[in-house]
Amino acid sequence: DTGVSQNPRHKITKRGQNVTFRCDPISEHNRLYWYRQTLGQGPEFLTYFQNEAQLEKSRLLSDRFSAERPKGSFSTLEIQRTEQGDSAMYLCASSLAIYNEQFFGPGTRLTVL
Amino acid sequence: AQSVTQLDSQVPVFEEAPVELRCNYSSSVSVYLFWYVQYPNQGLQLLLKYLSGSTLVKGINGFEAEFNKSQTSFHLRKPSVHISDTAEYFCAVIHGGTTDSWGKLQFGAGTQVVVTP
């Protein structure tokens with residue numbers, strides 16, 4: 001069990017560029033969550049996968065955001081045409097069952113200039 | 001509306017003193033409650049959770065919390081803190097009852113604990 005990993009850890013981009021983040025969950029976990037955390041706030045839910053199926057998307061997730069989890073393994077979160085308001089820490093978490101502990105990765109910190 | 005409120009944004013405390021972090025929630029369905037800790041430049045780590053059963057739950061690093069359904073609270077306590085407890089603490093809730101929640105966590109805004117000698 002190597003824990004949840006996220007890459008890259010930091011990303012600086014210019015407004016209007018596209019960015020993609022990767023999350024590798026704990027291998028036997030079939031549930032995967034993405035959250036976003038801005039300075040001074042708690043994480044906010046973005047989207048959820050059970051295996052490869054994306055079952056819920058938050059209203060926070062505009063059309064510029066897309067997430068995938070091919071084959072129910074790693075997941076990617078893509079942001080198109082980034083805006084300064086997208087600057088945040090993007091957290092990934094995985095779990096075995098619906099009310100079990102969610103294990104969090106270290107996050108990807110996005111800065112949009 | 002479903003919400004999670006952490007009543008203190010920052011709690012200064014002296015080393016070896018007790019600390020209590022307050023968390024209140026609002027929900028129309030059953031709840032599952034969690035406390036997470038975030039050390040500087042690290043990911044979130046689970047301290048403890050309440051799913052059912054005894055309302056007093058014990059977690060790692062000497063922390064405990066009590067679920068009070070009538071007061072809709074889940075306060076976190078530690079009888080004697082260490083310098084290493086300096087971190088941000090988040091209360092989180094899963095609003096259960098239906099599959100619509102999908103187990104997603106709703107977090108409070110966090111409480112920064114600063115332990116000084």
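Now for a quick tour of the structure. (Residues numbered from 1 in each chain as written. Chains lettered and ligands numbered in written order. Predicted model: local features only at pLDDT ≥ 70, side-chain atom pairs only at ≥ 80, totals over all residues. Heavy atoms only, no water.)

### Section: the nonpolar core
Soluble, globular proteins show a tendency: their nonpolar side chains are buried together. What counts here: The nonpolar core is taken to be a set of buried Ala, Val, Leu, Ile, Met, Phe, Trp, Tyr and Cys residues, with the residues joined through side-chain atoms within 4.5 Å. Between buried and exposed lies partly exposed: a residue is buried under 20% and exposed over 50% of the maximum accessible area for its type, with that area taken using a 1.4 Å probe on protein chains only. A contact between two residues is defined here by any heavy atoms of the two lying within 4.5 Å.
In terms of nonpolar packing, the biggest core is built from 28 residues, with B:Trp35, B:Leu48, B:Phe74, B:Leu76 and B:Tyr89 touching the most fellow members. Apart from residues lying up to four places away in sequence, B:Phe74 is in contact with B:Cys23, B:Leu33, B:Phe34, B:Trp35, B:Leu48, B:Tyr50, B:Val57, B:Ala65, B:Glu66 and B:Phe67.

### Description of the state of the cysteines
Formally: Cysteine sulfur pairs qualify as disulfides if the two atoms are within 2.5 Å. We count a stretch as a helix when DSSP gives it H or I for four or more residues in a row; a strand needs E for two or more, and each element gets its number in order from the N terminus.
Tallying each qualifying case throughout the model produces two disulfides over all chains. Two residues share a disulfide in this structure: A:Cys23 and A:Cys92, whose sulfurs sit 1.8 Å from each other. Note on the A:Cys23 and A:Cys92 pair: the S-S dihedral is about -65 degrees, so by sign convention the disulfide is left-handed. Separated by 69 residues along the polypeptide, A:Cys23 in strand S3 (residues 19-24) and A:Cys92 in strand S9 (residues 88-95) bring together distant segments of the chain. You can call A:Cys23 buried: its relative accessible area is 0%. We classify A:Cys92 as buried; its relative accessible area is 0%. Shown here is the disulfide that connects B:Cys23 with B:Cys91, its sulfur atoms set 1.9 Å apart. On the sign convention where negative means left-handed, the S-S torsion of about -65 degrees between B:Cys23 and B:Cys91 marks this disulfide as left-handed. Here B:Cys23 is found in strand S4 (residues 23-26), whereas its partner B:Cys91 is found in strand S10 (residues 87-95), with 68 residues between them in sequence. Of the residues examined, B:Cys91 reaches a relative accessible area of 0% and is grouped as buried.

### With respect to the pattern of salt bridges
Our working rule: Salt bridges, as used here, are contacts in which a Lys or Arg side-chain nitrogen is within 4 Å of a carboxyl oxygen on Asp or Glu.
A complete count under the given rule lists nine salt bridges over all chains for this structure. Measuring nitrogen to oxygen at the nearest pair gives 3.4 Å for the salt bridge that ties A:Glu83 to A:Arg64. Of this pair, A:Glu83 sits in the loop between strand S8 (75-79) and S9 while A:Arg64 sits in the loop between strand S6 (53-57) and strand S7 (65-68), and the two are 19 residues apart along the sequence. Here A:Glu83 falls in the partly exposed class, since its relative accessible area comes to 40%. A salt bridge links B:Asp8 to B:Arg22; the nearest nitrogen and oxygen atoms lie 3.0 Å apart. Of this pair, B:Asp8 sits in the loop between strand S1 (3-6) and strand S2 (10-14) while B:Arg22 sits in the loop between strand S3 (19-21) and S4; the two residues are 14 residues apart in sequence, bridging distant segments of the chain.

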